[in-house]
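Each chain, written out:
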Amino acid sequence: MTIKRVEGGRTDHKVFIYALSTCGWCKRTKDFLKEKNVAYEYMDVDQATREEKREVGEFLKERNVPLGFPVTVIDDETVISGYKPEALAEALGL
Amino acid sequence: MTTLEMVRRRAELDAKANGYFLNPDSEFLENILEGLRVNEERFGYPACPCRIAVGSFELDRDIICPCDYRDPDVQDYGACYCCLYVDSATYEKGEIHPIPERRLPEKALKVFSSIEEEEKKSQLMAGVVEDARIGRILFYCRQCGYVVFREEPPYICPICRAKREMFSEIGPLLETGGT
């Protein structure tokens, strides 16, 4: 599994990021959550296995999310596409 | 081996030749350049660090840096998708924001299907169909004669550095053969 966990003081929401290890905006999103002390999990999709990539593709298609990175999923419900600190802050109640 | 310095130098030269600037945020710029370096090591070509590459030259051709979308993106948003290249106004402002994706979603979706299958399909299609659909035309620089085949004239002429206003379209030159 290519899922990594970053610990943080705030654990009231489940936060998952589909990211690319090489992407500057993905890094900004991860840094933003780290800075706000939010615990999160992420998958660098470029480093994922073929099977994992296929699953990610299906998930994004199913949710009708534009195919770009990062994609942040909060509580398996709210999907935030792209680096949007204001939207993240609002969804996480920061 | 590709070094960060090689990637940086190449981007600097390309920015200069095309009248662009590199991202003014040095930390962000460093991340993009490192992403390009990693991708070049990984695939043998510098695929866009902010897009998912298939790892097949034929399928990733449009996202090899500088990507096919850079010029229209800098024109419309002042920056390209990964924000490596920006225009002078964005550079001076020193502030960067994410921009929308111009690449067709079908292209990115290919990463999730069979590479072999897609490669065959794309070879069959050949470049002609694609070029006709996105409406590329020929432009020439009235100052130096440089000719380019694309959707819009370049930002500046990469040869003589004339402004884009110096570019004119080359219309169809069809010989009717006197019949």
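Keep in mind it's a predicted model, so treat the numbers as computed, not measured.

Within chain A one finds three helices and five strands. In chain A, the succession of α and β elements from N to C terminus is β-β-α-β-α-β-β-α. Within chain A, the proportion of its 94 residues that are buried is 51%. Sequence separation of 24 or more characterises 66% of the internal contacts of chain A that already satisfy a separation of 6 or more. For chain A, the accessible area works out to roughly 4800 Å², and carbon and sulfur atoms hold 45% of it.

All names here are of chain A. When strand E4 (residues 71–74) meets strand E5 (residues 78–81), the two strands line up antiparallel, connected through four bridges. Counterpart to Ile-74 in the pairing with E5 is Thr-78. Hairpin connection from E4 to E5: three residues lie between these consecutive antiparallel strands, with Asp-75 at a positive phi of about 55°.

Okay, the pattern of salt bridges next. Residues and elements named next belong to chain B. Applying the stated criterion across every chain yields a total of 24 salt bridges over all chains. Linking Arg-10 and Glu-40 is a salt bridge whose minimum nitrogen-to-oxygen distance equals 2.7 Å. With Arg-10 in helix H1 (residues 4–18) and Glu-40 in helix H2 (residues 26–43), the pair connects residues that are 30 residues apart, well separated along the chain. Put simply, Asp-68 and Arg-136 hold a salt bridge, and the shortest N to O gap is 3.7 Å. In this pair, Asp-68 sits in the loop between helix H3 (57–60) and helix H4 (70–77) while Arg-136 sits in the loop between helix H7 (115–133) and strand E3 (137–141), placing the two residues 68 residues apart along the sequence.

Here we take up unusual backbone geometry. Following Phe-69 of chain A, the chain continues into Pro-70 of chain A via a peptide bond in cis, with omega recorded as 0°. Note on placement: Pro-70 of chain A falls in the loop between helix H2 (50–62) and E4. Here Cys-83 of chain B, not a glycine, exhibits a phi torsion of approximately 70°, which is positive. Its place among the elements puts Cys-83 of chain B in the loop between H4 and strand E2 (85–86).

Now for the nonpolar core. Tyr-18, Trp-25, Leu-33, Val-45 and Phe-69 of chain A together with Leu-84 and Tyr-85 of chain B are the most contacted members of the largest nonpolar core, which totals 69 residues. If we ignore the near neighbours within four places in the chain, the residues touching Tyr-18 of chain A are Met-43, Val-45, Val-56, Phe-59, Phe-69, Pro-70, Val-71 and Val-73 of chain A. Among the nonpolar cores identified, the runner-up in size contains six residues, and Phe-139, Val-148, Ala-162 and Phe-167 of chain B belong to it.

Take the sheet that holds strand E4 (residues 147–150) of chain B next. Residues and elements named next belong to chain B. The antiparallel open sheet is built from three strands, whose spatial order is E4-E3-E5. Among the strands making up the open sheet, the edge pair consists of E4 and strand E5 (167–169). Adjacent strand axes in the sheet meet at a mean angle of 30° when their direction is disregarded. Of the pairings in the sheet, the one linking E3 to E4 comprises four bridges and is antiparallel in character. Note on E4: the bridge partner recorded for Ile-137 is Arg-150.

Rules behind the numbers
Residues numbered from 1 in each chain as written. Chains lettered and ligands numbered in written order. Predicted model: local features only at pLDDT ≥ 70, side-chain atom pairs only at ≥ 80, totals over all residues. Heavy atoms only, no water. Helix = DSSP H or I, 4+ residues; strand = E, 2+ residues; numbered from the N terminus. Buried < 20%, exposed > 50% of the residue type's maximum accessible area, 1.4 Å probe, protein only. Contact = heavy atoms within 4.5 Å. Areas by Shrake-Rupley, 256 points an atom, 1.4 Å probe, with all protein chains shown as cover. Pairing = 2+ DSSP bridges. Salt bridge = Lys/Arg side-chain N within 4 Å of Asp/Glu carboxyl O. Core = buried A, V, L, I, M, F, W, Y, C linked by side-chain atoms within 4.5 Å. Axes fitted to C-alpha atoms, helices over the stretch in contact; angles between N-to-C directions.

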